[in-house]
Amino acid sequence: MSNKMWGGRFGQGPDRIMEEINASIDFDKRLFAQDIRGSQAHCSMLAAQGIISSADAEQIVAGLEEIRKDIEVGQFTFSRALEDIHMNVESRLAELIGPAAGRLHTARSRNDQVATDFKLYVRDTIDHLDEQLAQLQKALVEKAEAHAATIMPGFTHLQTAQPVTFGHHCLAYVEMAARDRGRFADARRRLNESPLGAAALAGTSFPIDRARTAKELGFDRPTRNSLDSVSDRDFVLETLSAAAIAATHLSRLAEEIVIWSTPGFDFVRLPDSFTTGSSIMPQKRNPDAAELVRAKTGRVMGALTTLLVVMKGLPLAYSKDMQEDKEAAFDALDALSLSLAAMTGMVETLTVNEHAMRAAASRGFATATDLADWLVRKLGMPFRQAHHVTGSLVARAEQKGVDLDGLTLAEMQEVEPRITDEVYSVLGVDNSVRSRTSFGGTAPDNVREAASWWRRELAREAAKAGEK
Ligand code: ARG
């Protein structure tokens, strides 16, 4: 049988393989709520403009409502022969209300319809991801408050660099999440123009009111160019770019959790609820959730690349290639959402081994910079020379098998006679972090202040969102 939605001029139905490659219903059924919402807005506008009768419009809107409910409760039979969500819904509408259903598709095309549906979907997803990112920030801020003065080694090159506080480390990720949210918000702001009414590519001769449907669907305005409207998938690309960056941040934290929870580090312990055991090695507590968050980043980056490749070189306006915009994007946005939930769960429940963190910070000459700074401050040495002197002292300590504060004053004075025993006051890790009071520095007081700034900021935002 030829297609009952567009088969007027077709004598023959599609080859089985044609149907298989052409159908998108298996994945785009996810857009059902957005599709129905868009159709209802379009239909009310057609009636308001006198393009269809109010009686037909009422029937259509009610029929669509019934379909929405049926799909929600799993009472809808999706058909591959009907290709996609748009035609599945419309065909069912015809079964429910008869010929009036055929008036819904006046002055639109599946091209502007799918662009509208997908924009609505991506917009909803961005809103959800934003809430999840805020939850993660909240969990990190709470850890930062609890550990504003918990000392750990700060690393560069994964080599002990200078002592920092664990709270400071947590707040670094709060900053990243804030920028991620900013990127999603930017993408949302740019996407929020309605393509509905661009029709197939050229607009329509019917006297439609695009501003009305735009407003009804929560868009800021209609798009300005009909060709662009049906060709644009930037909004997905931008969202996936933001998602890829956010996933990259999550994967870095995931990697740190993996490292921190090995017995070699023993900085944090994940609860049983976020670890798995081994079927052969009874001692194991594997950080699978963290590893999977680290790995799922690949899907998100992959989806971005997929869509960039799909879109490159496509002539205007719509091409069926663009149907390939959805699966990877759905998969990537799902993966990010799940990763955020898992990461928030881990951050909330992990426990910190303050003793192990402090012990690690006290090894590895983490206060060498403090010693060099002391030589500059107290002896007026140029920093480069102080760096050199400190290097010799580190070598001494290494030979002796102690940390810097394990050298006697006499041993230090062999390297630099002007050193006094006052130097010991800067060699402890506590002194070191306490002295880092420059704006954005790791001193516990700074961390407490930054954490409470974030707490207020997140509360202010939540209140604003609540008002809406
Ligand atoms: N299923 C299609 C998609 O996802 C809908 C648009 C089809 N338009 C067309 N002219 N064949 O892109």
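Refer to the preceding data block for the structure.
Description of the structure in this document. (Residues numbered from 1 in each chain as written. Predicted model: local features only at pLDDT ≥ 70, side-chain atom pairs only at ≥ 80, totals over all residues. Heavy atoms only, no water.)

Our focus in this paragraph is the nonpolar core. One finds Phe118, Phe184, Leu240, Leu336 and Met343 to be the most contacted residues of the largest nonpolar core, which totals 97 residues. The dominant element in this core, judged by the number of residues it contributes, is helix α10 (residues 234-260), at 15 residues. If we skip the residues at most four places from it in the chain, Phe118 touches Leu31, Phe235, Val236, Asp325, Lys326, Ala329 and Phe330. Among the nonpolar cores identified, the runner-up in size contains 20 residues, and Ala368, Ala372, Leu379 and Met381 belong to it. (Core = buried A, V, L, I, M, F, W, Y, C linked by side-chain atoms within 4.5 Å. Buried < 20%, exposed > 50% of the residue type's maximum accessible area, 1.4 Å probe, protein only. Helix = DSSP H or I, 4+ residues; strand = E, 2+ residues; numbered from the N terminus. Contact = heavy atoms within 4.5 Å.)

All right, on to helix α4 (residues 54-72) then. The end-to-end C-alpha distance of α4, which contains 19 residues, comes to 27 Å, matching closely the 27 Å that a straight helix rising 1.5 Å per residue would cover. Turning to α4, its buried residues are Asp56, Ala57, Ile60, Gly63, Leu64, Ile67, Asp70 and Ile71. Taken end-on, α4 shows its buried residues confined to a sector of 150°, consistent with a single buried face. Every exposed residue of α4 that faces more than 90 degrees away from the buried side is listed here: Ala55 and Glu58. Where α4 is buried, its residues meet α3 (32-48) and α5 (85-97). (Expected span 1.5 Å × (residues − 1). Arc of directions from axis to C-beta.)

Evaluated as defined, the whole model comprises nine aromatic pairs. Ring plane angle 70° and centroid distance 5.6 Å describe the contact between Phe166 and Trp260, whose orientation is recorded as edge-to-face. Residue Phe166 is found in helix α7 (residues 166-191), and its partner Trp260 is found in helix α10; the two are separated by 94 residues along the sequence. Trp260 matches Phe166 in its accessibility class, with the two residues each being buried. On the basis of an interplanar angle of 75° and a centroid distance of 5.1 Å, the ring pair of Phe265 and Phe267 is categorised as edge-to-face. Classification of Phe265 as partly exposed rests on a relative accessible area of 26%. Residue class for Phe267 comes out buried when judged on its relative accessible area of 2%. Ring pairing ties together the aromatic residues Phe118, Tyr121, Phe235 and Phe330, which thus form one cluster. Looking at Arg9, its charged tip hangs above the ring of Phe10, at a distance of 5.8 Å from the centre. (Phe/Tyr/Trp six-rings, centres within 6.5 Å; stacked < 30°, edge-to-face > 60°. Lys NZ or Arg CZ within 6 Å of the ring centre and 35° of its normal.)

Attention shifts here to helix α11 (residues 288-311). For α11, with 24 residues, the first-to-last C-alpha span of 35 Å sits near the 34 Å given by 1.5 Å per residue. Every buried residue of α11 is listed here: Ala289, Ala290, Val293, Thr297, Val300, Ala303, Leu304, Leu307, Val310 and Met311. Lining the buried residues of α11 we find α9 (226-231), α10 and α12 (326-349).

What follows covers the packing of helix α6 (residues 110-146) against α10. Packed helices, taken two at a time, are described by their axes: the angle between them and the distance between them. Contact geometry for α6 and α10: axes closest at 11 Å, N-to-C directions at 25°. Classified by the angle their axes make, α6 and α10 are roughly parallel. For the crossing formed where α6 meets α10, the hand is left-handed. In this structure, α6 contributes Ala115, Phe118, Lys119, Val122, Ile126, Leu136 and Leu140 to the contact, and α10 contributes Phe235, Val236, Thr239, Leu250 and Leu253. Split by residue class, the contact of α6 with α10 holds 10 nonpolar, one polar and one charged. (Axes fitted to C-alpha atoms, helices over the stretch in contact; angles between N-to-C directions. Parallel < 35°, antiparallel > 145°, perpendicular 65-115°, else oblique. Left-handed = near helix turned anticlockwise from the far one by under 90°. Nonpolar A, V, L, I, M, F, W, Y, C, P; charged D, E, K, R; others polar.)

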